[in-house]
Amino acid sequence: MRFLGLETRTLTAGLIFSLGTLGAASSQAADTYTVGVEASFPPWAYVEGGEYKGIAIDAMEKIAEDQGLDIEFKDLPFPSLIPALSAEKIDILATGLTVTEERAKVIDFTVPWWETNDVIVVPKDSDLNVFTAVCCGATVGVQGGSSQKAWMEANVTNSDIDVNLKSYDSYVTAITDMLNGRISAVDVDDTSAQEYINEGRPVKIAGKIFIRAPLALAVSKGDPQGLLAKLNQGIVNLAESGEWATIVHNYIPGVTVPSVPGKMPEYVDTYRKPVAGLPDLGN
Amino acid sequence: MDIYDVLLRDFPFLLKGLGVALVLLAALLALGFVIGLAICLIQLYGPRTRVVQWPLKVYERVFRGVPIIIMLFIFYYGLAGIFDISSFAAAILALGFRSGAYQSQIFRSAFQSIPAGQMTAARASGMTLTQAIRWILFPQAIRHAIGPWTNEFSSEIKETSLAYVIGVVELTRQAHYIITSTQGNVLTVFAVVALLYFIVNKAGNSGLYWLEARLAVPGFEKRQ
Amino acid sequence: MADVPVLRVDDIHKRYADNEVLKGISLTLERGATKVLIGPSGSGKSTLLRCINHLNKPDRGTIELDGQRITDANIDRMRAQIGFVFQDFNLFSHLTVLDNVRICQLKVKRLTHDEATRRAHEELERVGLGDKADAYPAELSGGQQQRVSIARALAMDPMLMLFDEPTSALDPELTGEVVKVMQQLADDGMTMLVVSHEMGFARQAADEIIFMEGGHIIEQGPPDVLFSTPAQERTRAFLNVIAEHG
């Protein structure tokens, strides 16, 4: 009788194997905090040669060292980051995350460490300006789940202006699509735009939309791990020691570093006095 | 550094991503095999009662009908409330349960294409239902199932690339890293990745055909 | 016990939808006896055979094998003692001839590998196919397949052999080899109940012919009596039809 024994053996081996990987996959070291990043979002976070690099990565590592935290990074696509934080699959969110009122309802922000404005990026040889790029049937690319997308939806597509929005998983892909001619412009934060130009991509900034949007780190609502105070202190320490400016200039030379902590909007509950770890601050 | 130098330097990471994808593939196919076979056997030879058969039908509808990304989210985020589950484990479960729904269909067809007389003769000799399935039907069903199963294999290879949405760093995601860190070169990088997927697919198919040849019995396909 | 009949069938009823196929069949089969069931198609002969080993479950009535009642609880054990030969042979197509004859010995009777192999070769020799042990069923002619199927049944050392139209699916020139084997079995003292149109076999080997029509047993008796001077008109009518068609 052929193969009957082999069939049963293979089946059993397969079952043990899949259960084994399940078991191995589920085990996790305790007390190591998982920091969620979107690792295709230069200059804030990306992967090069197998290593995590970027402003948020370097800063987070320094803050962790300063505050005695054990961390490991986890890469998730941008739209998954906030759900992951809400579900406590990650403990800290460290990426170029804009503080918005909707987000403040579901997660807890640290004090802002950066301020961005949005820019409209167009191909280098285009003659569109910030107004003509965002009108008249143009298609503008944004990153899915981003504040730029929310801003565009609130202020542009919902009004009389005739513009289509196209969502992308990452800005880099959006830029590529634009250079391929599929969309006419991309709405992105100014640091990322500067990064693309520095990298030599044939794009230019058509105009700036002044948002003065604060960027901050985040933890799960209610700060279940008690990390908020440490992170806030860490951010302030990083800025005061000058290391923050060093890190930023590593990636975006020549840019002005806004003061830390940045402007704290009133609608964020974690910015009410006393702010965790910085009791003198707050609204 | 031009793109080819980067690819050369980062090729080990692509291979690492490929390794992750292959382990995920093996695990989900194994899980799907066990689930699919179990469902098939209960549907064909188990109690005909509604309380047994109806949940199986629902299972199949759900896992075939819900988009893969949603299923991944459900297992990764949705289960988070009940117990802690890693990305990799969630991916195995989501994709494995789904594969089970498809594989049960494959096995059902395979078992049903066995002439009814085989079971009758087995039972008439005094074999229990379990013995008849194990020694007479299953070896024949497996031979019928290999062809369609090759399709399932090819299908699932492609679907492992969706696991990145819950944070599994497999081949496609590794390619994404290279693209973002070099700000472009989409075509080159993905051409390499496509080639890797193609190789895996081809290797798998060849393996399955070898298995089919090895199990072949003279005149098996002929009806008596 | 020597005086208990090997098979006792008592008042079997079987209905399919609104068609009652068996309307109260009773018969006995003594040790070593060979009985042949004849009758027009649809008379319920095959159904009766399948009711005996519960391949079809009777609606009413009992079957006793060697004095023991066949029930759901003991059915697998009972079937191991009843050899069944099908019209369509039903050999296990993924196994060699040798494995076909061996597998039930190994799995059902749990014999050792050596013992099962020995018995298998024995029965294959007995049906004249000793040299075909390594062939696959698809490589054999119909007559050869049917002989293997008989060997498969015999290897289980059954106390009763049931034959359901064993030659009906064979080309005429191949029926001879199968009938010859059945004849030999009958001579060797096997207890057999055969459904068949092979009148030659019936005449020579049967201890009793049972004529069925419309779900009833119309008449039964030794072949020399029933074939020459049937008591019932319907029996006579059937035999005339058979005679016309040779």
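What you are looking at is a predicted structure, and each value in this text was computed from that prediction instead of being measured.

1. Looking at the overall build of chain A
Item 1. Along the backbone of chain A there are nine helices and 13 strands.
Item 2. Counting over 283 residues, chain A shows a buried share of 45%.
Item 3. Long-range contacts, defined here as pairs at least 24 residues apart, represent 74% of the contacts in chain A between residues at least 6 apart.

2. A closer look at the environment of C:Phe211
Item 1. Along the chain, C:Phe211 falls in strand S9 (residues 208–213).
Item 2. Ignoring anything within four residues of it in the chain, the contact list for C:Phe211 reads C:Ile38, C:Gly39, C:Ile218, C:Glu219, C:Gln220, C:Leu226, C:Thr235 and C:Phe238.

3. Thoughts on the confidence of the model for chain B
Interpretation of the predicted coordinates at a detailed level should be avoided for regions scoring low in pLDDT.
Item 1. Averaged over all residues, the pLDDT of chain B is 90; the fraction at 70 or higher stands at 97%.
Item 2. The ipTM assigned to the predicted complex is 0.90, against a pTM of 0.82.

4. Here's the deal with helix H4 (residues 87–112) of chain B
For an α-helix, 3.6 residues make a turn, and residues three or four places apart therefore share a direction.
Item 1. Helix length check: H4(B), at 26 residues, gives a terminal C-alpha distance of 37 Å against a target of 38 Å (1.5 Å per residue), a fit within 8%.
Item 2. Among the 26 residues of H4(B), 21 are classified as buried, and the element is accordingly described as predominantly covered.

5. What about the packing of helix H2 (residues 55–67) of chain A against helix H8 (residues 228–240) of chain A?
Residues and elements named next belong to chain A.
Item 1. At their nearest, the axes of H2 and H8 sit 9 Å apart, and the two run at 110° to each other. The orientation of H2 relative to H8 falls into the category roughly perpendicular. As for how H2 packs across H8, the hand of that crossing is right-handed. Of H8, the residues touching H2 (which contributes Ala59, Lys62, Ile63, Asp66 and Gln67) are Lys230, Leu231, Gln233, Gly234, Ile235, Asn237 and Leu238.
Item 2. A breakdown of the residues in the contact of H2 with H8 according to their chemical character gives five nonpolar, four polar and three charged.

6. Describing the interface of chain C and chain B
Item 1. On the side of chain B, 22 residues touch chain C, which itself brings 22 residues to the contact.
Item 2. Secondary structure elements with two or more residues in the side of chain C that touches chain B: helix H2 (75–79) and helix H3 (97–107) of chain C.

7. What to know about the pairing of strand S4 (residues 60–65) of chain C
All names here are of chain C.
Item 1. As paired strands, strand S1 (residues 7–16) and S4 are joined by five bridges and run antiparallel to one another. Each bridged residue has a counterpart across the sheet, and for Leu7 the counterpart in S4 is Leu65.
Item 2. Bridging between S4 and strand S5 (residues 68–69) involves two bridges; their strand directions are antiparallel. Residue pairing for S5: Glu64 is matched across the bridge by Arg69.
Item 3. Between S4 and S5, which pair antiparallel in sequence order, lie two residues; one of them, Asp66, sits at a positive phi of approximately 55°.

8. Section: the interface of chain B and chain A
Item 1. Taken together, the contact pairs 36 residues of chain B with 35 residues of chain A.
Item 2. Broken down by element, the residue count for the side of chain B that touches chain A peaks at 10 residues, all from helix H1 (residues 3–45) of chain B.
Item 3. Each residue belonging to the side of chain B that touches chain A can be placed in one class, and the counts come to 26 nonpolar, eight polar and two charged.

9. Some words on the domain arrangement of chain A
All names here are of chain A.
Item 1. When its domains are assigned, chain A resolves into domain 1 (33–113 + 216–271) and domain 2 (116–213).
Item 2. For domain 1 versus domain 2, the distance between C-alpha centres works out to 24 Å.
Item 3. Every contact between the two is made by 14 residues of domain 1 and, on the other side, 17 residues of domain 2.
Item 4. Sorting the residues of the side of domain 1 that touches domain 2 by element identifies strand S2 (40–41) and helix H3 (78–86) as the ones contributing at least two each.
Item 5. Counted by class, the side of domain 1 that touches domain 2 contains nine nonpolar, four polar and one charged residues.

10. Some remarks on the sheet that holds S4(C)
Residues and elements named next belong to chain C.
Item 1. Overall, antiparallel pairing links the four strands, which are arranged S2-S1-S4-S5 in an open sheet. Both edges of this open sheet fall to strand S2 (19–29) and S5, since each of them pairs with a single strand only.
Item 2. Across the sheet, helix H1 (residues 45–52) is in contact with S1, S2 and S4; its angle to S1 comes to roughly 120°.

11. Considering the sheet that holds S2(A)
Residues and elements named next belong to chain A.
Item 1. With antiparallel pairing, the three strands of this open sheet are ordered in space as S2-S3-S4. Lying at the two open borders of the sheet, with one neighbouring strand each, are S2 and strand S4 (51–53).
Item 2. When S2 meets strand S3 (residues 45–48), the two strands line up antiparallel, connected through two bridges. The partner of Phe41 across the bridge, within S3, is Ala45.

12. Comments concerning the nonpolar core
Item 1. Counting residues in hydrophobic clusters, the biggest one holds 216 residues, and the most contacted among them are A:Val121, A:Ala185, B:Leu24, B:Leu72, B:Ala90, B:Ala91 and B:Ile92.
Item 2. Two domains each put at least three residues into this core: domain 1 (33–113 + 216–271) and domain 2 (116–213) of chain A.

13. Describing the environment of B:Pro148
All names here are of chain B.
Item 1. Mapped onto the elements of the fold, Pro148 is located in helix H6 (residues 129–159).
Item 2. Taking the C-alpha atoms as reference, Pro148 lies 9.9 Å from Gln105; in sequence the two are 43 residues apart.
Item 3. Once you skip the residues sitting within four places of it in the chain, Pro148 turns out to touch Ile106 and Ser109.

14. Let's talk about unusual backbone geometry
Item 1. With an omega of -5°, the peptide bond between A:Val260 and A:Pro261 qualifies as cis.
Item 2. Summarising the element assignment, A:Pro261 is placed in the segment after helix H9 (243–251).
Item 3. One non-glycine residue, A:Asp223, lies in the positive phi region at around 50°.
Item 4. Positive phi outside glycine occurs at C:Asn90, with the angle close to 55°.
Item 5. Tracing the backbone shows C:Asn90 in the loop between strand S6 (82–85) and H3.
Item 6. Overall, C:Asn90 belongs to the buried group, with 25 C-beta atoms counted inside 10 Å.

15. Concerning helix H4 (residues 113–126) of chain C
All names here are of chain C.
Item 1. Under the 1.5 Å per step criterion, the end-to-end length of H4 is 20 Å for 14 residues, consistent within 8% with the ideal 20 Å.
Item 2. Among all positions in H4, only Ala116, Arg119, Ala120, Glu123 and Leu124 are buried. Buried residues along H4 cover an arc of 135° about the axis, so they all sit on one side.
Item 3. Each element contacted by the buried residues of H4 is listed here: H3 and helix H5 (142–154).
Item 4. At the exit of H4 stands Gly128, carrying a positive phi of roughly 85°.

16. As for the environment of B:Trp210
Residues and elements named next belong to chain B.
Item 1. By secondary structure assignment, the location of Trp210 is in helix H8 (residues 186–215).
Item 2. Look at Trp210 and you get exposed, because 10 C-beta atoms sit within 10 Å.
Item 3. Distance from Trp210 to Phe13, taken between C-alpha atoms, is 31 Å for residues 197 residues apart in sequence.

17. As for the pairing of strand S8 (residues 114–123) of chain A
All names here are of chain A.
Item 1. Burial of S8 is extensive: nine of the 10 residues sit out of reach of the surface.
Item 2. Where S8 meets strand S12 (residues 203–215), nine bridges bridge the pair, whose relative direction is antiparallel. Across the sheet, residue Ile120 finds its bridge partner in S12, namely Gly207.
Item 3. The pairing of S8 with strand S11 (residues 185–189) spans four bridges and is antiparallel. Looking across to S11, one finds that Val121 is bridged to Val186.

Conventions adopted
- Residues numbered from 1 in each chain as written.
- Chains lettered and ligands numbered in written order.
- Predicted model: local features only at pLDDT ≥ 70, side-chain atom pairs only at ≥ 80, totals over all residues.
- Helix = DSSP H or I, 4+ residues; strand = E, 2+ residues; numbered from the N terminus.
- Buried ≥ 20, exposed ≤ 12 C-beta atoms within 10 Å, placed from the backbone.
- Contact = placed C-beta atoms within 7 Å.
- pLDDT = per-residue confidence, 0-100.
- Expected span 1.5 Å × (residues − 1).
- Axes fitted to C-alpha atoms, helices over the stretch in contact; angles between N-to-C directions.
- Parallel < 35°, antiparallel > 145°, perpendicular 65-115°, else oblique.
- Left-handed = near helix turned anticlockwise from the far one by under 90°.
- Nonpolar A, V, L, I, M, F, W, Y, C, P; charged D, E, K, R; others polar.
- Pairing = 2+ DSSP bridges.
- Domains from an automatic or database assignment.
- Core = buried A, V, L, I, M, F, W, Y, C linked by C-beta atoms within 7 Å.
- Arc of directions from axis to C-beta.

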